[in-house]
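Architecture at a glance
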Amino acid sequence: MPSFARTLSEIPPSPLVTVDRLLRSGAHTEPVPLQQGKTVFEPCARPTTWERAEFGIAAHEHAPPAGVPALRSAFADAASRRRGTPVDPGQVLVTSGATHAIAVTLHAILGPGDEVLILSPQWLFATGLVWAAGGTPREVPVFLELSEDPGFDFIAAIERAVGPRTRAIYFNNPNNPTGFRLDERALGALVELAARHDLWLIADNAYENYDFSDGGFLDTAAVPGAAERTFSVHSCSKTYAMPGARVGHLISPPGAEEILTKWSLHTLYSVSTAAQYTAFRALATPADELARRRAAAERAWRLADAALEIPHTRVTGGLYTFLDLSRYGDGAEFVRRCAEAGVGLAPGRVFGAHCDGWARLCFTAAPEEVVTDAIGRINKIYWEGGRDR
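Keep in mind the model is a prediction, meaning the values are calculated, not measured.

Some words on the sheet that holds strand β9 (residues 346–347)
- Spatial strand order, β8-β10-β9: three strands in an open sheet with antiparallel pairing. Each having just a single partner strand, β8 (320–324) and β9 make up the two edges of the open sheet.
- Looking at chain direction, β9 and strand β10 (residues 358–362) are connected through two bridges and run antiparallel. Each bridged residue has a counterpart across the sheet, and for A346 the counterpart in β10 is R360.

Below, the structure is given as structure tokens:
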């Protein structure tokens with residue numbers, strides 16, 4: 001048979017598959033999948049029918065490649081309020097989730113062999129998306145160091161990693177999996193570094209509604225000097241609890257609209273019209289309802305923090321904490337034993353090459369009492385393992 005051009009052999013099979021299989025094969029009627037990045041919240045909108053005049057397009061019609069104009073305008077209005085400066089609807093590309101938004105960006109900016117610095121630990125698909133776009137990912141460990149010491153000079157660490165082929169810096173904020181939040185000062189320093197080296201910034205804002213700080217979420221593009229070099233990635237999956245809709249959007253620097261739309265056109269054509277209408281309705285969710293969900297997520301973190309007897313990162317945003325399993329070596333045995341006990345954890349290695357000995361726990365993936373009970377089980381396994389060593 002003919003050969004394949006590229007097989008993404010750089011990307012190992014996901015250990016999450018093994019965790020899921022153990023959970024499903026165990027003698028547990030209701031396993032607790034804390035390895036998954038989800039919430040117990042109901043979706044803010046569900047698929048429904050509509051009249052053409054309401055959305056400017058009928059359900060059976062395919063949407064324009066850049067997205068339905070009414071939805072692009074709604075996303076632009078939301079971004080304008082968030083940033084405090086106008087965002088033109090033409091800068092908005094409706095995408096099939098954040099994954100598609102990042103992929104389109106990478107294809108647009110990378111040439112073969114170009115490097116992307118990935119602030120690590122990172123969202124588990126970030127490095128694979130860079131490989132798939134023909135680039136080379138280079139992880140820069142910063143978030144565990146910042147979690148341990150907020151004074152850690154992460155800018156110096158990034159600067160040391162910049163090379164002649166570096167084109168962009170990817171980061172998500174608040175961070176998945178550590179729960180660390182880069183504040184305004186840190187983001188300002190990051191923008192200055194990008195300007196010094198003429199780099200793009202890819203700001204993954206998937207957890208923007210779950211920033212627990214007093215000041216709330218700060219859009220990187222709102223930092224002075226950032227908008228001209230920042231691709232802002234947004235997702236309906238977390239903010240509106242609609243992962244199945246597969247709708248996100250990308251806000252690009254001025255002048256990048258045409259090339260991004262071309263890449264989206266030639267990889268997807270357009271996002272499902274019905275899914276776009278569902279996102280359009282979700283954008284009407286009252287601010288106090290989104291605030292209630294944020295408060296519930298923060299409460300879930302406080303309960304998890306109080307219950308955990310395992311060293312873990314302190315959370316200022318997002319839906320996760322990272323467990324320090326260094327007493328278990330690479331942590332794989334601990335994750336396996338927890339799965340056999342009916343509790344799923346995500347192995348640290350999927351979040352970075354330097355993350356063996358860690359595991360991610362999602363504290364919003366089940367009702368509070370279920371999460372608390374599951375934490376009790378993993379605490380027991382943790383201390384039992386200590387007695388064996």
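Thoughts on unusual backbone geometry
- Going from S120 to P121, the amide bond is cis rather than trans, its omega being 0 degrees.
- Looking at where P121 falls in the secondary structure, it is placed in the loop between β2 (115–120) and α5 (126–132).
- In this model, N173 is joined to P174 through a cis peptide bond whose omega is -5 degrees.
- With respect to the helices, strands and loops of the structure, P174 is situated in the loop between β4 (166–172) and α8 (184–197).
- In this model, A241 sits at a positive phi of 55 degrees, which is unusual for a non-glycine residue.
- Summarising the element assignment, A241 is placed in the loop between α9 (236–239) and β7 (248–251).
- Phi angles above zero are rare outside glycine, and Y269 is one such case at about 70 degrees.
- Along the polypeptide, Y269 turns up in the loop between α10 (257–265) and α11 (273–282).

Here we look at the nonpolar core
- In terms of nonpolar packing, the biggest core is built from 40 residues, with L34, L323, L325, F334, L345, L361 and I378 touching the most fellow members.
- Contributing elements (two or more residues each) for this core: α1 (15–25), α12 (287–307), β8, α13 (332–340), β10 and α14 (368–387).
- If sequence neighbours within four positions are ignored, F334 has contacts with I310, L325, Y328, L345, I378, I381 and Y382.
- The next biggest cluster of nonpolar side chains, apart from the first, holds 34 residues, and it includes A103, V104, L110 and L250.

Concerning the sheet that holds β2
- In spatial order, the strands read β1-β7-β6-β5-β4-β2-β3; together these seven strands make up an open sheet with mixed pairing. On the outer flanks of this sheet lie β1 (92–95) and β3 (136–141), each paired with one strand and no other. Strand-to-strand, the axes of this sheet are offset by a mean angle of 20 degrees, without reference to chain direction.
- Pairing of β4 with strand β5 (residues 200–204), which is carried by five bridges, proceeds in the parallel orientation. From the neighbouring strand, Y170 faces β5, where its bridge partner is I202.

Some remarks on the packing of aromatic side chains
- Scanning the entire structure with this criterion turns up 17 aromatic pairs.
- Look at W200 and F231: their rings are 5.0 Å apart centre to centre, the planes differ by 55 degrees, and that puts the pair in the tilted class. Of the two residues, W200 is situated in strand β5 and F231 in strand β6 (residues 230–235); the sequence distance between them amounts to 31 residues.
- The exposure class assigned to F231 is buried, which follows from its relative accessible area of 2%.
- Ring plane angle 45 degrees and centroid distance 5.9 Å describe the contact between W301 and F363, whose orientation is recorded as tilted. Pair noted here: W301 is in helix α12 and F363 is in the loop between β10 and α14, with a separation of 62 residues, a long-range link. The pair W301 / F363 is uniform in exposure class, with both members buried.
- Members of the aromatic cluster, each reached through a chain of ring pairs, are W50, F55, Y277 and F280.
- The residue whose ring lies beneath R327 is Y382, and the NZ or CZ to ring-centre distance is 4.5 Å.

Considerations on helix α7 (residues 154–161)
- Those residues of α7 that sit buried are F154, I155, A157, I158 and A161. Each buried residue of α7 lies within a common arc of 160 degrees when the element is viewed along its axis, so the set occupies one face.
- Tucked into the core, α7 has its buried residues touching β2, β3, α6 (143–148), β4 and α8.

Here's the deal with the environment of Y240
- Locating Y240 in the fold gives a position in the loop between α9 and β7.
- You can call Y240 buried: its relative accessible area is 11%.
- Non-local contacts of Y240, meaning those with residues more than four positions away in its chain, are made with E42, P43, C44, A282, L283, T285, L290 and R293.

What about the pattern of salt bridges?
- Under the defined criterion, the tally for this structure stands at 23 salt bridges.
- Linking E61 and R52 is a salt bridge whose minimum nitrogen-to-oxygen distance equals 3.3 Å.
- Among the salt bridges present, the one from E159 reaches R196, with a minimum N-O distance of 2.8 Å. With E159 in helix α7 and R196 in helix α8, the pair connects residues that are 37 residues apart, well separated along the chain.
- Through salt bridges with shared partners, a single network forms among R82, R83, E208 and D219.

Reading the values: the criteria
- Residues numbered from 1 in each chain as written.
- Predicted model: local features only at pLDDT ≥ 70, side-chain atom pairs only at ≥ 80, totals over all residues.
- Heavy atoms only, no water.
- Pairing = 2+ DSSP bridges.
- Helix = DSSP H or I, 4+ residues; strand = E, 2+ residues; numbered from the N terminus.
- Core = buried A, V, L, I, M, F, W, Y, C linked by side-chain atoms within 4.5 Å.
- Buried < 20%, exposed > 50% of the residue type's maximum accessible area, 1.4 Å probe, protein only.
- Contact = heavy atoms within 4.5 Å.
- Axes fitted to C-alpha atoms, helices over the stretch in contact; angles between N-to-C directions.
- Phe/Tyr/Trp six-rings, centres within 6.5 Å; stacked < 30°, edge-to-face > 60°.
- Lys NZ or Arg CZ within 6 Å of the ring centre and 35° of its normal.
- Arc of directions from axis to C-beta.
- Salt bridge = Lys/Arg side-chain N within 4 Å of Asp/Glu carboxyl O.

Scope: geometric values only; no functional claims are made or implied.
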